[in-house]
Amino acid sequence: MPEWLNNAVFYEIYPQSFKDTNADGIGDINGITEKLGYIKDLGCNAIWLNPCFKSPFGDAGYDVEDYYTVAPRYGTNEDLVRLFDEAHELGMHVILDLVPGHTAVTHEWFKQSMKAGRNEFTDRYVWTDGIWVHPDGMNCIRGISDRDGSCAVNFFSHQPALNYGFYKPDPDKKWQQSMDDEGPRATLEAMKDIMRFWLGLGCDGFRVDMAGSLVKNDEDGKGTIKLWQEVREFLDSEFPNAAMVSEWGEPDKSLTGGFHMDFLLHFGPSHYNDLFRCEEPYFSSRGKGDASAFVRKYIENYQKTERKGLICIPSGNHDMDRLARSLNPDEIKIAFAFLLSMPGAPFIYYGDEIGMRYVENLTSVEGGYGRTGSRSPMQWDGTTNAGFGSSAPEKLYIPIDKDKDRPTVEKQTADDASIYSEVRRLIGIRQSHKALQSCGEIEFIHAEENSYPLSYLRSSGDEKILVIINPSDKEQKFTCPYPVSTPIYSIGGNADSSNGVITVPPCFAGFYGGL
Ligand code: GLC
Ligand code: CA
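I will try to describe carefully the structure that is included in this document. In this text the structure is predicted, and so the values were computed from the model without any measurement. (Residues numbered from 1 in each chain as written. Chains lettered and ligands numbered in written order. Predicted model: local features only at pLDDT ≥ 70, side-chain atom pairs only at ≥ 80, totals over all residues. Heavy atoms only, no water.)

1. A few points about the coordination of the calcium ion (ligand 2)
Geometry reference: four tetrahedral donors at a metal, ideal angle 109.5 degrees. Six octahedral donors, ideal angles 90 or 180 degrees.
And then number 1: The coordination sphere of the calcium ion (ligand 2), as far as protein atoms go, consists of D20 (OD), N22 (OD1), D24 (OD), I26 (O) and D28 (OD), spread over 2.3 to 2.4 Å.
And then number 2: When the donor residues of the calcium ion (ligand 2) are listed from N- to C-terminus, their spacing reads D-x1-N-x1-D-x1-I-x1-D.
And then number 3: By relative accessible area, N22 is classed as partly exposed at 48%.
And then number 4: Residue class for I26 comes out buried when judged on its relative accessible area of 14%. (Donors = N, O, S within 2.8 Å, 3.2 Å for Na, K, Ca; no water. Buried < 20%, exposed > 50% of the residue type's maximum accessible area, 1.4 Å probe, protein only.)

Structure follows, in structure tokens:
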């Protein structure tokens, strides 16, 4: 694992919505470069940039038309290289979003593969061998090619699936290729070339989109794991410092595949949503939540993965509701005390550090649908468009939160009691205690069913830190082998211990050292 991941705190940027420097209503690379100081000052030292490549934008850029060129609306390849360089000068790292599973229908590879005559790209995508032959278990594109076949799709029906082969091709379906066939091999080599290109220009790694879905008919992920192991070998030999994080949500599989990190997601088996986004989230002060299923699954994965890599818990992302849709500002602060004291590299979705809200009732933009409300322009200050850019408001990529009390960076940086100030303090504390960082160990002390608080011990070498998190609005007690005294960090008062029982105030989070 690259050294820098041990104390990495990531900031996810949705490029269209961060900062617009040329008043066209869409965020751009130069806007991100301009705001590096802000991100660094918050304490984040790494950035994940959502796709910024040429695209027809039917899925906000997750439908890539050209992996080698920055979308003109965001700037140029040179602008992106300058972003890498300036980030590096500030001691920060930048990872790009790699979408290996599918392309846009406008990608040259797809145009070639739609032709009736055989060519270099005939086997680049998963095609059946007849227009009425359906790729079982998958949706498909049919009727737009001269080629007599249907092409499997991965997500939206305009995202044709790249061909990495089938784990166990059905011998009766000649169109199903094996992972070792020439077509699938060439697809993988093409992806490696794309990685080489950007890593060579100074990018520090990739967040890999739908990483677990590449090989088809691969129920247990065995084929896809094998494929990523090959990528790991390639990176180890050519770019050992490149960081790889997967959108997979099953760390036992992804880390075996050689990823350094995997995200817990709002889908999949992790119970991540129990904490933040469900009818009774654990972090609501109503105190009706349950973190125990999450913890059970976490421990299971933590043991299975044997510290091979990191399990990363994001504050949110461009696909899920904003934290602020289900939690109020005080609850969000306590949620951050958890997010920033867990193992693995934390990921903060832009704007979550100021409690940006989910903007309700928006018309879908670029395939966002329900996700659109979590993708609105960053709110910087009290000027035009909240400082996002000076275009006419109707030109904005997505309308801005219209509430006059909307949070902004300007207001929150000036207020010591804001979410921003709490997040900044928490990152500072994490960065000065190894036990709290990515690779520090964790042992759960209290995570009972339907119960508060949540408590765990983080440790690294001789350093031990007891974390107590009580989002509920009631005082709670639990037995604990460690006493508490003066906290390294606390919000909501202080806990108290006597005779092995700790009494925890309502709406509280505290970190205790000296154990
Ligand atoms: C991932 C992305 C999402 C995208 C989808 C298809 O889940 O995070 O935004 O729509 O993959 O690429
Ligand atoms: Ca712009």
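2. Considering helix α3 (residues 77–89)
And then number 1: Counted at 1.5 Å a residue, the expected span for α3 with its 13 residues is 18 Å, and the 18 Å between its end C-alpha atoms agrees.
And then number 2: Inspection of α3 places N77, D79, L80, L83, F84 and A87 among the buried residues, and these make up the whole buried set. When α3 is viewed along its axis, its buried side chains cluster within an angular range of 165° and face the same direction. Exposed and facing more than 90 degrees away from the buried side of α3 are E78 and E89.
And then number 3: Tucked into the core, α3 has its buried residues touching α1 (29–34), α2 (36–42), β2 (46–49), β4 (66–70), β5 (93–98) and α5 (182–200).
And then number 4: Of the residues one or two after α3, G91 is the one with positive phi, at around 75°. (Helix = DSSP H or I, 4+ residues; strand = E, 2+ residues; numbered from the N terminus. Expected span 1.5 Å × (residues − 1). Arc of directions from axis to C-beta. Contact = heavy atoms within 4.5 Å.)

3. Section: the sheet that holds strand β13 (residues 441–446)
And then number 1: As summarised here, the arrangement of the five strands in space is β13-β14-β15-β20-β17, forming an open sheet in which the pairing is antiparallel. Strands at the two margins of the open sheet, each flanked by one partner only, are β13 and β17 (487–491). Shown here is a sheet whose adjacent strand axes are inclined to one another by a mean of 15°, direction ignored.
And then number 2: Summarising the sheet, strand β14 (residues 454–460) and strand β15 (residues 463–470) pair through seven bridges and their orientation is antiparallel. For L454, the partnering residue across the bridge sits in β15 and is I469.
And then number 3: Against the sheet, helix α12 (residues 419–431) touches β17 and β20 (508–512), its axis set at about 160° to β17. (Pairing = 2+ DSSP bridges. Axes fitted to C-alpha atoms, helices over the stretch in contact; angles between N-to-C directions.)

4. A look at the packing of aromatic side chains
And then number 1: Under the definition given, this model contains 38 aromatic pairs.
And then number 2: Each ring, one from Y38 and one from W380, has its centre 5.0 Å from the other, and the planes form 80°; the classification is edge-to-face. Of the two residues, Y38 is situated in helix α2 and W380 in the loop between β12 (347–349) and α11 (409–413); the sequence distance between them amounts to 342 residues. Neither residue differs from the other here; Y38 and W380 are each classed as buried.
And then number 3: The interplanar angle of 0° and the centroid separation of 4.2 Å between the aromatic rings of Y282 and Y452 together place this pair among those described as stacked. With Y282 in the loop between α8 (273–276) and α9 (292–305) and Y452 in the loop between β13 and β14, the pair connects residues that are 170 residues apart, well separated along the chain.
And then number 4: Members of the aromatic cluster, each reached through a chain of ring pairs, are Y272, F276, Y282, F283, F294, Y298, Y302, F338, F444, Y452 and Y456.
And then number 5: Of note, R73 hangs over the ring of F57, and the distance from its end group to the ring centre comes to 3.4 Å.
And then number 6: The ring of Y350 is capped by R322, whose NZ or CZ atom sits 4.7 Å from the centre of that ring. (Phe/Tyr/Trp six-rings, centres within 6.5 Å; stacked < 30°, edge-to-face > 60°. Lys NZ or Arg CZ within 6 Å of the ring centre and 35° of its normal.)

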